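Examination of the molecular architecture
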Amino acid sequence: MSKKNIAVLVSGGGTNLQSLIDCEKQGMFGESKITLVVASKPGVYALERAANNGIDSTVLCRKDYESIADYSKALVDTLKNADIDLVVLAGFLTIIDEQVYEAYPNAIINIHPALIPSFCGKGYYGLHVHEAALEKGVRVSGATVHFVTPECDAGPIIMQKAVEVKQGDTPETLQKRIMEEAEWKILPEAVKLFCEDKLEVKDNIVFIKEN
Ligand code: GRF
């Protein structure tokens, strides 16, 4: 397993960041380490989690840049200067463009709180995803970890985990169950496989190499 530097990009509370930190501490990523947290706004609790765990962090606000292109360039510069090998989008809500995808082909992963291709794409973020699932009346939802490509939520799927939808669920209760039972588990598992160089993408399909 080669040693990788991991950046986690966040916009909020950072519970997925926390699960990654906890798994790193348990040795799940071998010698690979979360070396940078990038937040899209100041004051988010994820930054405190980084500080509490001695991880460098930086804030890149979209409003400080004229365009998505300028913002994306600044992000790529930040990631390259920090020698980052893997970029994890963990609740990162700012739009970025192809400069980032081209700088990190098959090396940016995202966690989406539904079973893609259900309830994904433009507008499906945060509680909206769970509202849509409840409106449809699905009996299972879940989470998906995928590589990021220019098309929103359409990149190669790395891992998925189903979670039961219960009668009486609200968007908030469903969100919480999906985080606890799926997101906090499959995101670190996908990071582990990446760090072990076990993920291979062929024709938009991810193959997991056996040892
Ligand atoms: C998660 O539900 C994740 O699936 C979505 O944004 C949320 C981030 O939560 N992309 P947190 O900041 O990790 O607590």
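These notes cover the structure that comes with them. None of the values given here were measured: they were computed from a predicted structure.

**A short note on the nonpolar core**
Grouped together as the largest cluster of nonpolar side chains are 65 residues, with contacts concentrated most on V88 and I109. Here this core spans two domains, and each of domain 1 (1-104) and domain 2 (112-143 + 161-211) adds at least three residues to it. Residues within four places of I109 in sequence aside, it is in contact with L86, V87, V88, L89, V145, H146, F147, V148, I158, L187, A190 and V191.

**Here we look at the site of the ligand**
The environment of the ligand is formed by G13, G14, T15, N16, G91, I111, P113, M179 and E183. Take I111: an N or O atom from its main chain is 3.1 Å from a nitrogen atom of the ligand. For the ligand, the accessible surface in isolation is 370 Å², of which the surrounding protein chains cover 85%. When each cavity is represented as a set of grid points, the ligand is found to reside in the largest pocket. Contributions of two or more residues to the shell around the ligand are made by α1 (15-25) and α6 (171-195). The residue inventory of the shell around the ligand, partitioned by class, reads three nonpolar, five polar and one charged.

**Things to note about helix α3 (residues 68-81)**
Over its 14 residues, α3 runs 20 Å from end to end, which matches the ideal 20 Å to within 8%, given 1.5 Å per residue. Buried positions along α3 lie against β1 (5-10), β2 (33-39), β4 (86-89) and α4 (98-103). Positive backbone phi, approximately 60°, marks D83, located one or two places after α3.

The rules behind the values
- Residues numbered from 1 in each chain as written.
- Predicted model: local features only at pLDDT ≥ 70, side-chain atom pairs only at ≥ 80, totals over all residues.
- Heavy atoms only, no water.
- Core = buried A, V, L, I, M, F, W, Y, C linked by side-chain atoms within 4.5 Å.
- Buried < 20%, exposed > 50% of the residue type's maximum accessible area, 1.4 Å probe, protein only.
- Domains from an automatic or database assignment.
- Contact = heavy atoms within 4.5 Å.
- Near = heavy atom within 4 Å.
- Polar contact = N/O pair within 3.5 Å; in protein donor to acceptor, adjacent residues only side chain to side chain.
- Areas by Shrake-Rupley, 256 points an atom, 1.4 Å probe, with all protein chains shown as cover.
- 1 Å grid on protein atoms, 1.4 Å probe; cavity = no way out; pocket = protein on both sides within 12 Å on 5 of 7 lines; lining within 4 Å.
- Sits in = over half its atoms within 2 Å of the grid points.
- Helix = DSSP H or I, 4+ residues; strand = E, 2+ residues; numbered from the N terminus.
- Nonpolar A, V, L, I, M, F, W, Y, C, P; charged D, E, K, R; others polar.
- Expected span 1.5 Å × (residues − 1).

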